[in-house]
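Architecture at a glance
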Amino acid sequence: MSERVTCGTCGEAALDDDRFCEACGAALAAPPGGPGAGPQAGGLGGPGGADWSGAGVPPPPPPPPPPPGSRSRRELVDGPVAAVTDRGNSHWRNEDAVGLRWIGGYPSGFAMVVCDGVSVSQDPHVVSQAAVDTALLVLSGAVSAGGDLDAAMVEATAAAQRAASAVPYDPTLDLGPGACTFVAAAVRGTRATFGSVGDSRAYWVDRSRAIQIGRDDSLAAELVATGHYTNEQAMARPGAHSLTKWLGVDSTDFAPTLTSVDLPGPGLVVLATDGLWNYAPEAEDLAQLIGPLGTEPTLDLARRLAAFAEAAGGADNITVAVGPHDLARHHHDRARQEVR
């Protein structure tokens, strides 16, 4: 029979057979196989961030707070596209990364990439940034040139994997080599392609609905796919956030979940790490947070969504990117309706 224990990192209650704290993601005890049992033994996971669920090695003691000018919080704007990434309330550094690019002209478009570094791995902040920077070059080039967005997304993911794998690591350490999740969107005119590896998410939000694009590569998603669990039941299971796919030198499967669509009309493309969607797990929850479309600049919306996640607990790094599609026509149509 399991007994209650207390997490030594955040003080939250846990069961003695839990591997990780459900509140902060810190390791509680070494799993069978002992230290060094890597992702093949249990994947990646942990509700406090993308953590090794098989390493059984507590994270190193937190160093002093990041100095001014670090990437503890960044706000990005390019044309109408915007993003915010924030350290949150619990982590000592921001291991998420985000990049975006607006391409003007007719048709216009944009590319956005978000990666969530695996907390208990070597230099996850370096790995996630390398993956974002490399993928963004490929995707923005394809959008600008009017290229095949599906092929570009496959190549961008492969390039991100190469960049993540190229980050140096020390094989003598108990911590595994760096790793990260990946989600990206490339939009040109009405055509959009999405790609993801791991559990960072993409959404489409318009006036009538909100949907998650693609699927999570996680234990919870696999449980739901069996048909025996609702999403709520699956997320309540131990290890629900364990990743089944990721980017990094020890990844054995980094093929992205690829989704291509013709955007149906005015709306928003939103990318988010689990630092946000943990507190708004259903697409409808995100739609309610966003509210009426186009009533605020995208940077203000991204700030508001990040602030919501911080106020809800901020247990993980928080990143959200927002790209509007055809909202000028939405405002024009609404104005005509109001005049009538």
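A brief report on the enclosed structure follows. For clarity, every value in this text was computed on a predicted model and none was experimentally measured.

**Remarks on the sheet that holds strand E7 (residues 96–103)**
With respect to topology, five strands assemble into an open sheet ordered E7-E8-E10-E11-E15, the strand pairing being antiparallel. The open sheet has two edge strands with one neighbour each: E7 and strand E15 (257–262). Averaged over all pairs of adjacent strands, the angle between their axes in this sheet comes to 5°, without regard to strand direction. With eight bridges joining them, E7 and strand E8 (residues 109–116) adopt antiparallel strand pairing.

**Thoughts on the nonpolar core**
If you look at the biggest cluster of nonpolar residues, it comprises 26 residues, and the most contacted ones within it are Val113, Cys115, Leu139, Phe182 and Leu247. Listing elements by their share of this core, those giving two or more residues are E7, E8, helix H2 (124–145), helix H3 (149–166) and strand E10 (182–188). Sort the elements by how many residues they give to this core and H2 lands first, with eight residues. If we ignore the near neighbours within four places in the chain, the residues touching Leu247 are Ala131, Thr157, Ala160, Gln161, Ala164, Gly178, Ala179, Cys180, Phe182, Val197 and Phe254. In this structure, Ala210, Leu268, Ala283 and Leu299 belong to the second largest nonpolar core, which totals 24 residues.

**A short note on the layout of surface pockets**
Roughly 340 Å³ of internal volume is contained in the second largest pocket. Forming the boundary of the second largest pocket are 18 residues, of which Trp102, Ser108, Gly189, His325 and Asp326 lie nearest the centre. Those elements that place two or more of their residues in the lining of the second largest pocket are E8, strand E17 (318–325) and helix H9 (327–339). A per-element tally of the lining of the second largest pocket places H9 first, with three residues. Here the lining of the second largest pocket is built from residues that sort into nine nonpolar, seven polar and two charged.

**Observations regarding the sheet that holds strand E16 (residues 267–272)**
The sheet built from six strands is open, its strands ordered E5-E6-E17-E16-E12-E13 with antiparallel pairing. In the strand order of this sheet, the two ends are held by strand E5 (73–78) and strand E13 (210–213), each with one partner. Averaged over all pairs of adjacent strands, the angle between their axes in this sheet comes to 15°, without regard to strand direction. Pairing between strand E6 (residues 81–86) and E17: five bridges, direction antiparallel. Within E17, the residue paired with Thr85 across the bridge is Thr319. Along the sheet, helix H7 (residues 283–290) contacts strand E12 (201–206), E13 and E16; its crossing angle with E13, the most-contacted strand, is approximately 125°. Strands in contact with helix H8 (residues 298–311) are E5, E6, E16 and E17; relative to E6, the strand with the most contacts, it is inclined by about 25°.

**A closer look at the packing of aromatic side chains**
Inspection of the entire model under this criterion finds zero aromatic pairs. Between the NZ or CZ atom of Arg201 and the centre of the ring of Trp277, over which it lies, the distance is 3.5 Å.

About the criteria used
Residues numbered from 1 in each chain as written. Predicted model: local features only at pLDDT ≥ 70, side-chain atom pairs only at ≥ 80, totals over all residues. Heavy atoms only, no water. Pairing = 2+ DSSP bridges. Helix = DSSP H or I, 4+ residues; strand = E, 2+ residues; numbered from the N terminus. Axes fitted to C-alpha atoms, helices over the stretch in contact; angles between N-to-C directions. Core = buried A, V, L, I, M, F, W, Y, C linked by side-chain atoms within 4.5 Å. Buried < 20%, exposed > 50% of the residue type's maximum accessible area, 1.4 Å probe, protein only. Contact = heavy atoms within 4.5 Å. 1 Å grid on protein atoms, 1.4 Å probe; cavity = no way out; pocket = protein on both sides within 12 Å on 5 of 7 lines; lining within 4 Å. Points joined across faces, edges and corners; volume = space filled by probe spheres on them. Nonpolar A, V, L, I, M, F, W, Y, C, P; charged D, E, K, R; others polar. Phe/Tyr/Trp six-rings, centres within 6.5 Å; stacked < 30°, edge-to-face > 60°. Lys NZ or Arg CZ within 6 Å of the ring centre and 35° of its normal.

These figures capture arrangement, not role.
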